[in-house]
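Commentary on secondary and tertiary structure
The chain contents come next:
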Amino acid sequence: SQQGEEDPQALSIQEGENATMNCSYKTSINNLQWYRQNSGRGLVHLILIRSNEREKHSGRLRVTLDTSKKSSSLLITASRAADTASYFCATDAPYNTDKLIFGTGTRLQVFP
Amino acid sequence: EPEVTQTPSHQVTQMGQEVILHCVPISNHLYFYWYRQILGQKVEFLVSFYNNEISEKSEIFDDQFSVERPDGSNFTLKIRSTKLEDSAMYFCASKPDRTEAFFGQGTRLTVV
């Protein structure tokens with residue numbers, strides 16, 4: 001089993017629509033982070049949510065965390081063509097280690 | 001805005017050759033990491049480095065890999081004898097404390 005699985009694997013929407021991506025994980029966490037990756041490029045940190053938080057906002061991004069269901073969602077409102085990218089959730093590993101465990105990612109395509 | 005800088009952006013090497021990937025983390029950061037992403041796959045943890053020593057390494061990080069922080073600013077990843085399966089995007093990351101990690105743009109390593 002994998003720590004960090006996103007769904008859907010791919011999502012295509014029109015500009016102006018909202019995009020929702022989900023992430024599930026297996027073990028307890030301290031925090032969960034969302035990253036964005038343009039094709040073949042680096043990882044850009046979007047938002048971090050701690051295990052004692054349920055919701056966090058940053059601009060057009062809204063992240064929720066449900067630790068009872070071990071899941072998180074990333075909502076991008078009023079999407080733009082420039083939002084086209086892959087989005088990954090990453091959890092800190094259990095047992096107080098410092099590494100991040102990344103999910104499989106959601107490829108978002110926003111059509112103008 | 002400070003950023004993690006990686007060089008080169010693309011490295012092509014022959015199988016069996018040694019490669020060194022370079023990273024300049026953000027200057028006041030204390031924790032350093034290498035991750036890799038094989039094309040189309042997840043981002044995978046390789047190694048973490050803190051207080052001038054390796055704090056954790058993955059199964060991928062075998063004897064062919066080593067890391068150094070030779071001069072207090074650079075953070076290098078060396079692969080002694082590259083294999084075809086080492087072809088991947090390699091990401092360096094740093095963070096000031098136990099919060100979000102900042103990633104570089106990556107080095108695309110192609111082993112031929």
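Throughout what follows, the structure given in this document is the object of discussion. Source: prediction; values computed, not measured. (Residues numbered from 1 in each chain as written. Chains lettered and ligands numbered in written order. Predicted model: local features only at pLDDT ≥ 70, side-chain atom pairs only at ≥ 80, totals over all residues. Heavy atoms only, no water.)

1. Notes on the environment of Gln9 of chain A
All names here are of chain A.
- Mapped onto the elements, Gln9 comes out in the loop between β1 (5–7) and β2 (10–14).
- The exposed category is assigned to Gln9, whose relative accessible area is 59%.
- Residues Gln9 and Ser28, spaced 19 residues apart in sequence, show a C-alpha to C-alpha distance of 23 Å.
- Once residues lying within four places of it in the same chain are set aside, the contact partners of Gln9 are Gly105, Thr106 and Arg107. (Helix = DSSP H or I, 4+ residues; strand = E, 2+ residues; numbered from the N terminus. Buried < 20%, exposed > 50% of the residue type's maximum accessible area, 1.4 Å probe, protein only. Contact = heavy atoms within 4.5 Å.)

2. Some points on the packing of aromatic side chains
- For the structure shown, the criterion picks out 14 aromatic pairs over all chains.
- Pairing Tyr31 of chain B with Tyr50 of chain B gives two aromatic rings, centres 4.5 Å apart and planes at 10°, and the pair type is stacked. Highlighted residues: Tyr31 of chain B in strand β4 (residues 31–37) and Tyr50 of chain B in strand β5 (residues 43–50), separated in sequence by 19 residues.
- Note on Tyr31 of chain B: relative accessible area 13%, which makes it buried.
- Seen in terms of ring centroids, Phe91 of chain B and Phe103 of chain B are 6.4 Å apart; in terms of plane orientation they differ by 80°. Their pairing is edge-to-face. Of this pair, Phe91 of chain B sits in strand β9 (residues 88–95) while Phe103 of chain B sits in strand β10 (residues 102–103); the two residues are 12 residues apart in sequence, bridging distant segments of the chain.
- With a relative accessible area of 8%, Phe103 of chain B lands in the buried category.
- Three or more aromatic residues joined by ring pairs form one cluster here, namely Tyr35, Phe88 and Phe102 of chain A together with Tyr33, Tyr35, Phe45, Phe91 and Phe103 of chain B. (Phe/Tyr/Trp six-rings, centres within 6.5 Å; stacked < 30°, edge-to-face > 60°.)

Keep in mind these values describe shape, not function.
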